[in-house]
Amino acid sequence: MDDAAEVAAALRTVAAETVGVDVERADADSYFRRAALIQVGTADRCLLLDGVSIDRMPELDAFLDDRRVAVLHALENDLDPLARKGVLPGRLADTAVAAALLGLPTGLSKLLDEVLGVQLTADKEAYQRADWEARPLSEGMADYAAGDVFHLPALWHELEALLAAAERSSWYQQELDWTITRAGEDTRDWTKVKGSGRLDAEAKAVLKAVWEERERLAREHDIAPNRLVHDDVLRDLAEDPARSVEELVRRSPRRRGLLREHAADLLAAIERGRDGPHEQGSDGGRRWAPEDKAAYDAMRRARADVATDLGIDAGVLCSSRPLWRAVAGRPEDGIELCTLAELRPWQTELLVDVLWDAYRSGFEPATADPGPGDPSSGDADRSDGGASDPEPATHTRGDGGASAPTL
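Here the structure is a predicted model, which means the values were calculated and not measured.

The rules behind each value
Every chain is numbered independently, its residues counted from 1 as its sequence is written. For this predicted model, a pLDDT threshold of at least 70 governs which residues receive local features, and a threshold of 80 or more governs which side-chain atom pairs are given and counted, while totals over whole chains, interfaces and linings are taken from all residues. Excluded from the side-chain calculation are hydrogens and water; included are all heavy atoms of the structure. Helix and strand assignments come from DSSP, with helices taken as H or I runs of at least 4 residues and strands as E runs of at least 2, each series counted from the N terminus. With a 1.4 Å probe rolled over the protein chains alone, any residue whose accessible area is under 20% of its type maximum counts as buried; one over 50% counts as exposed, and the rest are partly exposed. Contact definition: two residues touch when any of their heavy atoms are within 4.5 Å. Only the protein chains shown count as cover for residues, with accessible areas throughout obtained via the Shrake-Rupley method and a probe of 1.4 Å. The set of buried Ala, Val, Leu, Ile, Met, Phe, Trp, Tyr and Cys residues whose side-chain atoms join them within 4.5 Å is what this entry labels a nonpolar core. Per residue, pLDDT captures the predictor's confidence, and it can take any value from 0 to 100. To obtain an axis, a line is fitted to C-alpha atoms, over the contacting stretch when the element is a helix, and the angle between two such axes runs from 0 to 180 degrees between their N-to-C directions. With respect to orientation, any angle under 35 degrees is reported as roughly parallel, any angle over 145 as roughly antiparallel, any angle of 65 to 115 as roughly perpendicular, and every other angle as oblique. In this scheme the handedness of a crossing depends on how the near helix is turned from the far one: anticlockwise by less than a right angle means left-handed, clockwise means right-handed. Each residue is assigned to one of three groups, with Ala, Val, Leu, Ile, Met, Phe, Trp, Tyr, Cys and Pro labelled nonpolar, Asp, Glu, Lys and Arg labelled charged, and all others, Gly among them, labelled polar. Whenever Lys or Arg places a side-chain nitrogen within 4 Å of a carboxyl oxygen from Asp or Glu, that contact is recorded as a salt bridge. A pair of strands is labelled paired if DSSP reports no fewer than 2 bridges between them. Pairs were defined over the aromatic rings of Phe, Tyr and Trp, the Trp ring being its six-membered one, requiring ring centres within 6.5 Å. Orientation was assigned from the angle between planes: stacked under 30 degrees, edge-to-face over 60, tilted for the rest. Note on geometry: a ring has a charge over it if NZ (lysine) or CZ (arginine) is within 6 Å of the ring centre and within 35 degrees of the ring normal. Here the expected span of a helix is defined as 1.5 Å times the quantity of residues minus one. Here the arc refers to the set of directions running from the helix axis out to each C-beta atom. Counting of polar contacts relies on pairs of N or O atoms within 3.5 Å, with two restrictions inside protein: one atom must be capable of donating a hydrogen and the other of accepting it, and residues adjacent in sequence are counted only when both atoms are side-chain atoms.

**Q** How should the overall build of the chain be read in this particular structure?
**A** Scanning the chain for helices and strands turns up 19 helices and five strands. Buried residues in the chain amount to 49% of all 407 residues. When contacts within the chain are restricted to residue pairs at least 6 apart in sequence, long-range pairs at least 24 apart make up 68% of them. For the chain, the computed accessible surface area is about 18,600 Å², with 47% contributed by carbon and sulfur atoms.

In structure tokens, the structure reads:
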């Protein structure tokens, strides 16, 4: 559908209590997320709404009201581009969140195969790289886009039943609410640059200043931040600041023409960082004692044991970064520990005693080698981005691609 005047009538042909919704984006080089295509449908029929020719979709917003459930997969990727079309679904379901809490695959293709026995034949990787703003859509692109929607209603009904049978429906609702809230927040931060936690105070100050300047430039010119200058280059500049435009441009292995346009602003930011107050980080710059590291490791092991018993990933039960924050806060009891870690009620109920016992065990005579740096080094939780660094992998706004569900 590329005519806004026909959208309302077309939506009536897919009217059902539960509909699948998906978004194909074309914003890999942009700061702001935008929908090139919005798919809405059921197993019988799917509409492809052209986000290139239709700027606003009030008819779709009215369609996705409280009377029907809009089922998405990893909705945190789609809510912002939908909102930019004026679409705010009233009732949402997320099959990725449900799957994670059931210990099922969170990738849509594998999940459909395991739960419904449906095998998608399209080359997902190829179509994720496709130009979704190109018109007309090829037949293969249209089939791929529809395939992501056709089965979502049936998949959700199966997962909803499994959640109820496992007595995890309340877990799901808490995680869904949290995911929706997080999707509406700007969680980008300079401390998420991989390796930032290992920098000294002066280098952190430079990194913060140049990251904030890159963010300002990227937002102002609608450029993907990593397209302007990659995180790895920012970290390198923080450790060894460039002193000229030519030196700064040479540090970047790609897109040097674009970087040259904004190099003067970035150089000025480097100087501001070097001359300004030094950053101490979330732990106030203190070094981690052996007992801190022991408590942190004990909590991670205890959490992993509970996750194994539940049949879910340890990072879904509780990622490691919150445990790191809890240790830094030196809690006085289990409830305070869970509060510092910002755990949801279902997580607190499962972990409060286990984590508190593990935390206290770390302050018994320690035998573990604390090693260099902070105690979260080596974390590989799925929900922390699967990185070996303490900072989770950065999912940069506007860099394109779908990120795994983060619980």
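Once you've had a look at it, read on.
**Q** Quick question: what am I supposed to make of the nonpolar core here?
**A** Across soluble globular proteins, you tend to see nonpolar side chains buried next to one another. Among the nonpolar cores identified, the biggest contains 74 residues, and Ile38, Val40, Leu60 and Tyr172 are the most heavily contacted of them. Discounting residues that sit within four places of it in the chain, Ile38 has contacts with Asp22, Val23, Leu47, Leu48, Leu49, Met57, Leu60, Leu82 and Lys85. Judged by nonpolar contacts, the second largest core, of 24 residues, contains Leu207, Leu217, Val233 and Ile270.

**Q** Can you help me understand the confidence of the model for the chain in this one?
**A** Caution is warranted with low-pLDDT regions, since their predicted coordinates should not be read in detail. With 87% of its residues at a pLDDT of 70 or more, the chain has an overall mean of 88. Note that residues 366–373 has pLDDT below 50 and, in this model, six contacts with residues that lie over four places away or in other chains. Considering only residues more than four positions removed or in separate chains, one finds that residues 382–407, a stretch of pLDDT under 50, has 93 contacts.

**Q** So what exactly am I meant to see when it comes to the packing of helix α10 (residues 201–221) against helix α14 (residues 256–275) here?
**A** The description of two packed helices rests on the angle between their axes and on the distance between the axes. At their nearest, the axes of α10 and α14 sit 7 Å apart, and the two run at 150° to each other. The orientation of α10 relative to α14 falls into the category roughly antiparallel. Crossing of α10 against α14: the hand is right-handed. Two secondary-structure elements touch here, α10 through Glu202, Ala205, Val206, Ala209, Val210, Glu213, Arg214, Arg216, Leu217 and His221 and α14 through His262, Asp265, Leu266, Ala269, Ile270, Arg272, Gly273 and Arg274. Broken down by class, the residue content of the contact of α10 with α14 amounts to eight nonpolar, three polar and seven charged.

**Q** Honestly, the pattern of salt bridges in this entry has me stumped. Any pointers?
**A** A side chain of one charge can pair with a side chain of the opposite charge when the charged atoms of the two come close. The tally for this structure, following the rule as stated, stands at 23 salt bridges. Across the pair Lys293 and Asp297 runs a salt bridge whose closest N-O atoms are separated by 2.4 Å. Taken together, the residues span about one helical turn, with Lys293 and Asp297 both in helix α15 (residues 290–310) at a distance of four residues. The exposure class assigned to Asp297 is buried, which follows from its relative accessible area of 16%. Arg360 is paired through a salt bridge with Asp357; the nearest N and O atoms lie 3.1 Å apart. Taken together, the positions of Arg360 and Asp357, both in helix α19 (residues 345–361) and three residues apart, correspond to about one turn of that helix. You can call Arg360 partly exposed: its relative accessible area is 46%. Connected through salt bridges with shared partners, the residues Glu213, Arg216, Glu220, Asp265 and Arg272 form a single ionic network.

**Q** Explanation requested: the sheet that holds strand β4 (residues 69–72) in the structure shown.
**A** In any sheet, the strands associate via hydrogen bonds between backbone groups, in a parallel or an antiparallel arrangement. With mixed pairing, the five strands of this open sheet are ordered in space as β3-β2-β1-β4-β5. Of all the strands in the sheet, the pair left with one neighbour each is β3 (46–50) and β5 (92–94). Sheet twist, expressed as the mean angle between neighbouring strand axes with direction ignored, is 25°. With six bridges joining them, strand β1 (residues 18–25) and strand β2 (residues 35–41) adopt antiparallel strand pairing. The residue of β2 that forms the bridge with Arg25 is Ala35. Sheet contacts for helix α8 (residues 152–165): β1, β2, β4 and β5; angle to β1, the most-contacted strand, approximately 120°.

**Q** How should I be thinking about the packing of aromatic side chains in this particular structure?
**A** The relative placement of two aromatic rings is captured by the distance of their centres and the angle of their planes. Taken as a whole and judged by the stated rule, the model has seven aromatic pairs. When the centroid spacing of 5.2 Å and the interplanar angle of 35° are considered together, the rings of Trp156 and Tyr172 count as tilted. Here Tyr172 lies in helix α9 (residues 169–183) and Trp156 lies in helix α8, a separation of 16 residues in the sequence. Taking the relative accessible area as the measure of exposure, Trp156 reaches 8% and is therefore buried. Feature note: the residues Tyr127, Trp132 and Tyr144 constitute an aromatic cluster, connected by ring pairs. One cation-aromatic arrangement involves Arg68 over Phe63; the distance from NZ or CZ to the ring centre is 3.9 Å.

**Q** What should I look at first to understand the pairing of β3 in this one?
**A** Across a regular strand the side chains alternate sides, sitting on one face of the sheet and then on the other. Of all five residues in β3, five are buried, a share of seventy percent or more. Where β2 meets β3, five bridges bridge the pair, whose relative direction is antiparallel. Bridging from a neighbouring strand, Gln39 pairs with Leu48 of β3.

**Q** Just to check I follow, could you spell out α8 for this structure?
**A** An α-helical turn contains 3.6 residues, so a residue and the one three or four places further along point in the same direction. With 14 residues, α8 should cover 20 Å at 1.5 Å per step; its first-to-last C-alpha distance of 20 Å lies within 8% of that length. Every buried residue of α8 is listed here: Leu152, Pro153, Leu155, Trp156, Leu159 and Leu163. Around the axis of α8, the buried residues are gathered within 155° of arc, so they sit on the same side. Phi turns positive, to about 55°, at Glu167, one or two residues after α8.

**Q** Would you take a moment to explain the environment of Asp29 for this structure?
**A** With respect to the helices and strands, Asp29 occurs in the loop between β1 and β2. Expressed as a C-alpha distance, the spacing of Asp29 and Asp222, which sit 193 residues apart in the sequence, is 8.3 Å.

**Q** Is there a simple way to explain the environment of Pro105 in this structure?
**A** Examined against the element boundaries, Pro105 turns out to sit in the loop between α4 (95–102) and α5 (108–116). For Pro105, a relative accessible area of 21% puts it in the partly exposed group. Sequence-distant contacts of Pro105, that is, excluding residues within four places in its chain, are made with Ala99, Lys110, Leu111 and Glu114.

**Q** Would you take a moment to explain the side chain of Asp94 for this structure?
**A** The topology assignment puts Asp94 in strand β5. At a separation of 3.4 Å, a polar atom in the side chain of Asp94 contacts the main-chain amide nitrogen of Val97. In this structure, Asp94 is in contact with Leu72, His73, Ala74, Leu75, Glu76, Tyr172 and Leu176, ignoring residues within four places of it in sequence.

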